[in-house]
Amino acid sequence: MEDGTQHLGHCMVDMKELSANPEGVILTPKLPQVEFSLACNDLVASGRDRKPNALVQVAVIDPHKQHLVSHACTEIVEANKDPLFLTGVTFPSEYPASPETLVKLTVYDAKDKSQESSTFLGSATFSVGDLLRAKDERLTLSLRSSDGVCAAGTVVVSRLKMGEMEEVDVDHITTDIPSHKCPVVCESASHACIDRENNPLTGPVFKNPVCKVYRFQTVDSKWMLVREQMEECTLSFSIPKQLLSLYIQEDMSRVQDLRELGELSPHWDNLRKEVMTRYGGIINSYQETLAELDKITGRSFKPSCCKAQKSLEFIPINLHTQRMRVTCPRKTDAFYDIVTVGAPAAHFQGFKCGGLQRLLSRYEAEKKSFSTAYQCIYYSPEHTAKAQEVLSTVSLLQPLITSLADQLLQAAQEHSSPGLRDALKNLSDKTEQFVHTLKDELVKSALLALHAARPGYVSKNQKQTPVQGGQHQGHIHQGSDQNQSPVQGLPGHSPATSVTETTAVCNNVDGSQTTTRGDGGPKHQDSIPHHKEYDEEEWDRVWANVAKCLNCVIAMVDKLQEEDNSKPEPVPEQQQLADVITSHNPGDWREQLRPPVTRLKECVMEVVEKAKRAMTFVLLQEAACSIPQGFFLQQRRDVVFSQALAALACGFVMRLYAGMQDKGFLRQLHLVGLVAQFESLLSTYSEEIGMLEDMEVGISDLQRVVFQITEAKTDDLSDLQPLVCGRRDHFTVEVPLPRLVFQTLPEEIRGGKPLRVFPVLFNVGINEQQTIAERFGDISLQERINQRNFEMLEAYYKSLSEKVPLECLPCFQTQTDIKELLETLGQNVVTKKKKNVEILWIAGTICRRLNGIRFTSCKSAKDRTSMSVTLEQCALLRDEHQLSKDFFIRALDCMRSRLTQGDIGQWEDPEAGAVTENKPASRHFYPIALLLVSSHLLVVWLILSLVFLLAKYQ
């Protein structure tokens, strides 16, 4: 599939129909203005003894510039003087066509399918107005030869309309549509186009449609109309740009936190400066990239030729959406959507050392030795993630608790018992969540480590037993297996990963004196870092004070409400007024609540400051012992995640727009979430191994993403663009909808409930490199990915079946039970079979049956991706719409008519369950007939061919 020439369309909300029918949203696809089919009669071939292999090229004559613009081309119909072309011609609603637009049809006799050698047969010209005004909207035009005199046959142009088709004879097909139409089909050209301004759900995200239309015969000799429509997605650039801004903001915040750590010993201060310098480099690089992206206007996707361009490394390759719309006789229209995108990978950084999965594994193994060299505590990835979670949570909860405390005081001032109870409940919930987050030994141990990093620190056992600095230095590096970090024994921190680390440094100028901690339990407490002014229990008291202050607030509220409920019986009006004036001033409640509430806010602030410094110090140590490799890996991970998130956001928005009327889908969306199935066709050989390793981590990182549906401020297109917020450990994508559309959603979604997406990845290499990998290489990476993601898909289905009735899922003609499909998929995953594309077919079928989002990827989302998508579409036409077996190959050829140039691996019928390779003659193999003359030449030829192959596939 060439860059920018894939196909897909989208549903949109007709706001006029919504106003007329407020009970529900009417979804209609954006239909082209004009579509027509072509057929020829009595063609005369260049050679009288043969029938022509006809094709028609369609061009538009620009009425202003008076030059031809190539527009479309039919498939080749071989050996037929009366060819019926299955590929039609469509003018999208965005195309500047008018009744005066002239269309030129040129018929050629193609000697072969490559179209490299063809003979001109004749041409004809007509205007769009002629077709619309013609009887039955059908024109029969004479073809004129190059001399303009001889007739070369006729061409029949018939207007196509998406709707119900009558049974007709194959040899005398007409494209007239009866007046009865399907509910979602527009009746005429004047109604077929819906202005983009009235359909805000497509404008901000999808643009530049490319359409193709076909007509195929069903098994009962009737005809279906099939439309493919591709559109670019503006999220290709908008999501990465938003992520870059968030990355810059997060790293700048991290630098500020490091500055606020306070005074550190020379050793730790030097490490802090080095880490801040590294962060500064990343920030400057991201700012430069963002500035370059801001300069780009007009483009909505990154072509594969730019995949290794540094300024575009955050942009996904060839991100497009594709929809196939099918209209069959006496059946409701069906839609099949898919997203095509190049594999998320760091092409600019290259794959010489592998991809993210391999680099991260190697990095974690080496980080322990780095921590010893830098005299840092080794923290496992779980502890690093916990530190980031604590920082994120306290930063979110602290202002929320302050706001809720102010609401409590406001309710007290208004003397409102119900308001007081509601405000107190919200405050209690958030404060308890706050306390629970900080009730972690990691925070306490980090505070001890931070205290040990202050200037002038000397551990308790050092004060008791002075030891020369050189001896201690040797002890650290030679006998470090006796050292134990303060975090040892915490969940996820095994002794094997922590005993090699040092816990503290005697903070003299050169940082050479260190202390160790024994292996034992309580009897070795003296080896824990101490300071004569530091109280180890201080942290326990500090965060416990928050709970105590909350209890004080609760007790005060209970007291006030008891006093209010125990007021004496009503007395005469004057006496009651006097009592109110003297003893029940409305401000009394506020004044009585102010001291405990103020103390609560002060305690929360104190805890936040201490926890923030402690977790920042944990991240400082993690960053210090990962210089420089850790920062390079973070940048690579940012790049890959940016590409993956842009694709996921595109697919989610497309699926949401299409399912706006489906109550079962919306119920599934907020109760469980959606599965996003990524189909990868990368090989497990050479550079593509690194791409697959990048893609595996990028898709896995999407588990940190949730979606929220929001109400747009206005119906302006700029206010309907999805927005990203959050930090690296958790992102939220907000999808705004117009007010009228938003009001039709379930209450849970309108309430802002986070909507989850479950990404799964299945990979099967299909090209020649995969053949080499299976014969001489290693495919364990592919096997592990498929097995792991099968388990995730199985777990998703189990959760879905427990929470959502299966009646909410879509119905298909093939009634195979999803459980059976999962069992078959599991068997194929563990089966040792070369190029087992059955895995991809079954996984894709399960995804569609589960209302999921489908993605297809290869290196650049061109050749292999197009082969997969077109074969899947034809299989859907056969299985769901009774496409005639005689038309299966012709339909496949039509959809691939512009995609079969070059060296492309061809897929067989999925029922055969195999992939074959269509290898063209290799240019480096010299004519063997000449080489056989001499055995010496034959040997030379074999050596040169072997060298060429080795060089090519390294």
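Residues numbered from 1 in each chain as written. Predicted model: local features only at pLDDT ≥ 70, side-chain atom pairs only at ≥ 80, totals over all residues. Heavy atoms only, no water.

**Side note on the side chain of S37**
Let me state the cut-off plainly: Going along the chain from the N terminus, every DSSP run of H or I of four or more residues is numbered as a helix, and every run of E of two or more is numbered as a strand. Only protein chains enter the area calculation, which uses a 1.4 Å probe; residues under 20% of their type maximum are buried, those over 50% are exposed, and those in between are partly exposed. Whenever two N or O atoms come within 3.5 Å, that pair is a polar contact, provided that in protein one can donate a hydrogen and the other can accept it, and provided that, for residues adjacent in sequence, both atoms are side-chain atoms.
Among the secondary structure elements, S37 is positioned in strand 3 (residues 34-41). Judged by relative accessible area, which is 3%, S37 ranks as buried. There is a polar contact of 3.4 Å between the side chain of S37 and the side chain of R215.

**Regarding the confidence of the model for the chain**
Cut-off, in case you're wondering: Each residue carries a pLDDT score, the predictor's own confidence in it, on a scale running from 0 to 100. The contact criterion used is simple: two residues touch if any of their non-hydrogen atoms lie within 4.5 Å.
Considering every residue of the chain, the mean pLDDT works out to 77; 73% of them sit at 70 or more. Mean pLDDT across the secondary structure elements of the chain bottoms out at helix 3 (residues 189-192), with 27, and peaks at strand 21 (residues 755-763), with 97. Taken as a whole, residues 460-532 scores under 50 in pLDDT and shows 147 contacts with residues more than four places along the chain or in a different chain. Segment residues 574-584: pLDDT under 50, and six contacts once partners within four positions in sequence are set aside and those in other chains are kept.

**Details of the packing of helix 16 (residues 629-658) against helix 18 (residues 687-701)**
Worth spelling out the cut-off: All axes here are fitted lines through C-alpha atoms, helices being fitted over the stretch that makes contact, and every angle between N-to-C directions spans 0 to 180 degrees. In what follows, roughly perpendicular refers to angles from 65 to 115 degrees, roughly parallel to angles under 35, roughly antiparallel to angles over 145, and oblique to any angle outside these ranges. Helix crossings fall into two classes, left-handed where the near helix is turned counterclockwise from the far one by less than a right angle and right-handed where it is turned clockwise. Residue type decides the class: Asp, Glu, Lys and Arg count as charged, Ala, Val, Leu, Ile, Met, Phe, Trp, Tyr, Cys and Pro as nonpolar, and the leftover types, Gly among them, as polar.
Running from amino to carboxyl end, helix 16 crosses helix 18 at an angle of 65 degrees, the nearest separation of the two axes being 9 Å. Accordingly, the angle class assigned to the pair helix 16 and helix 18 is roughly perpendicular. The interaxial crossing formed by helix 16 with helix 18 has right-handed handedness. Counted together, R636, R637, V640, F641 and A644 of helix 16 and D694, V697, G698, I699 and D701 of helix 18 form the full contact between these two elements. Residues that form the contact of helix 16 with helix 18 fall into these classes: five nonpolar, one polar and four charged.

**A look at the nonpolar core**
Defined as follows: Take the buried Ala, Val, Leu, Ile, Met, Phe, Trp, Tyr and Cys residues and link them wherever side-chain atoms come within 4.5 Å; each set so joined is a nonpolar core.
L408, F434, M615, F652, F707 and I709 are the most contacted members of the largest nonpolar core, which has 145 residues in total. If we skip the residues at most four places from it in the chain, I709 touches F652, L656, V735, L737, F742, L745, I749 and L755. Among the nonpolar cores identified, the runner-up in size contains 56 residues, and F790, L821, W841 and A875 belong to it.

**Re the sheet that holds strand 18 (residues 705-711)**
Note the following rule: Paired strands are those between which DSSP finds at least two bridges.
Ordered in space as 11-12-13-14-22-17-21-18-20-19, the ten strands form an open sheet in which the pairing is mixed. Two strands close off the open sheet at either side, each with one partner strand: strand 11 (206-217) and strand 19 (723-727). On average, adjacent strands in this sheet sit at an angle of 25 degrees to one another, irrespective of strand direction. One ladder, built from two bridges, connects strand 14 (residues 334-340) with strand 22 (residues 853-857); its direction is parallel. Within the sheet, the bridge partner assigned to T340 lies in strand 22 and is T856.

**Description of the pairing of strand 14**
Most of strand 14 is tucked away: six of the seven residues are buried. Pairing geometry for strand 13 (residues 320-327) and strand 14, over seven bridges, is antiparallel. Residue pairing for strand 14: R325 is matched across the bridge by F335.

**Here we look at the packing of aromatic side chains**
When we look at a pair of aromatic rings, we describe it by the centre distance and by the angle of the planes. For the record, the criterion: Two aromatic rings, drawn from Phe, Tyr or Trp (for Trp, its six-membered ring), form a pair once their centres lie within 6.5 Å of each other, and the interplanar angle then sorts them: stacked below 30 degrees, edge-to-face above 60, tilted otherwise. In this analysis the charged atom, NZ for Lys or CZ for Arg, is taken to sit over a ring once it is within 6 Å of the ring centre and within 35 degrees of the ring normal.
Throughout the structure, instances matching the rule amount to 15 aromatic pairs. Where W223 meets F887, the ring centres are 5.7 Å apart and the plane angle is 85 degrees; that geometry is what we call edge-to-face. You can see W223 sitting in strand 12 (residues 223-233) and its partner F887 sitting in helix 26 (residues 885-895), a full 664 residues away along the chain. The burial state of W223 is the same as that of F887; both residues are buried. What links up through ring pairs into an aromatic cluster is the set Y247, Y286, F314, F641 and F731. The residue whose ring lies beneath R655 is F665, and the NZ or CZ to ring-centre distance is 4.2 Å. Sitting above the plane of the F641 ring, R704 keeps its charged end 5.0 Å from the centroid.

**Considering the pairing of strand 18**
The two faces of the sheet receive side chains in turn, since in a regular strand these alternate between them. For strand 18 and strand 20 (residues 730-737), the ladder comprises seven bridges, and the chain directions are parallel. Within strand 20, the residue paired with V705 across the bridge is F731. Here strand 18 runs beside strand 21; their pairing, made up of two bridges, is antiparallel. Considered in strand 21, the bridge of V706 is made with R756.

**Describing the packing of helix 22 (residues 780-803) against helix 23 (residues 818-830)**
When two helices pack together, their arrangement is given by the angle between the helix axes and the distance between those axes. Direction vectors running N to C along helix 22 and helix 23 enclose 165 degrees, while the axes themselves pass 10 Å from each other. Overall, the two elements helix 22 and helix 23 adopt an arrangement that is roughly antiparallel. Between helix 22 and helix 23 lies a crossing of left-handed hand. Between helix 22 and helix 23, the residues in contact are N786, Q787, F790, L793, E794 and Y797 and I818, K819, L822, L825, G826, V829 and V830, respectively. A per-class count over the contact of helix 22 with helix 23 returns eight nonpolar, three polar and two charged.

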